[in-house]
Amino acid sequence: GNSVTQMEGPVTLSEEAFLTINCTYTATGYPSLFWYVQYPGEGLQLLLKATKADDKGSNKGFEATYRKETTSFHLEKGSVQVSDSAVYFCALGNAGGTSYGKLTFGQGTILTVHP
Amino acid sequence: DVKVTQSSRYLVKRTGEKVFLECVQDMDHENMFWYRQDPGLGLRLIYFSYDVKMKEKGDIPEGYSVSREKKERFSLILESASTNQTSMYLCATSRAGAADTQYFGPGTRLTVL
């Protein structure tokens, strides 16, 4: 079955530091990959996604590249801000069949950025 | 923009009570999902629905049931609440077909005493 493994948290950084949150996956076929972000007191919202190998998703300065050879989708940002403090979830989903749009989520990584 | 609303942000119930959590979406999405979120465990799928009156069990359906009588509304029911069902409950929706973006509601934090 499908599974997603994220790096253990929490992660604490100073403002303007470089961020990497690792995500690896196990899946059948050719899944789509997602990063979601959850700000305090809110639901999840899509941060970025990639639907095929070597695609790069990007949004708000965050990037992630779909690496099929290493089954990874690591999230990166060159210079984090205090406002990036949130919980980040990696997720995957399979197209078609009886998947019905289900996504499999990682356990989440808490990021705290200090001024 | 997709709007997904949940009936309550915070809810406190007693053990044994029947609890209803409601989710409403305004974007005509076919798929709707109920998750629970617990620290260190991420999101776990309880039930989902791909059409009116259609429902499928997720990974942790025990102790829960669902109802989808209208396309825009998906209810999660705790038949007899227990303390181990204290959690954050999140509803999400998506279009039919390929693995697509899910849109989430703000969540309901349920405490069972």
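Relevant structure appears above.
Calculation rules
Residues numbered from 1 in each chain as written. Chains lettered and ligands numbered in written order. Predicted model: local features only at pLDDT ≥ 70, side-chain atom pairs only at ≥ 80, totals over all residues. Heavy atoms only, no water. Helix = DSSP H or I, 4+ residues; strand = E, 2+ residues; numbered from the N terminus. Polar contact = N/O pair within 3.5 Å; in protein donor to acceptor, adjacent residues only side chain to side chain. Buried < 20%, exposed > 50% of the residue type's maximum accessible area, 1.4 Å probe, protein only. Pairing = 2+ DSSP bridges.

(A) Fine view of the side chain of Thr109(A). Residues and elements named next belong to chain A. Note on placement: Thr109 falls in strand β12 (residues 109-114). A polar side-chain atom of Thr109 sits 3.0 Å from a polar atom in the side chain of Gln6. There is a polar contact of 3.1 Å between the side chain of Thr109 and the backbone oxygen of Met7.

(B) Summary view of the pairing of strand β9 (residues 87-94) of chain B. All names here are of chain B. Counting buried positions along β9 gives eight out of eight residues, so the element sits mostly inside the fold. Of the two faces of β9, the one lined by Ser87, Tyr89, Cys91 and Thr93 and the one lined by Met88, Leu90, Ala92 and Ser94 are each fully buried. As paired strands, strand β4 (residues 31-38) and β9 are joined by seven bridges and run antiparallel to one another. If you follow Gln37 over to β9, its bridge partner there is Met88. Relative to strand β11 (residues 108-112), β9 runs antiparallel, the two being bridged by three bridges. Bridging across to β11, Tyr89 finds its partner in Thr108. As paired strands, β9 and strand β10 (residues 103-104) are joined by two bridges and run antiparallel to one another. Its bridge partner lying in β10, Thr93 is registered against Tyr103.

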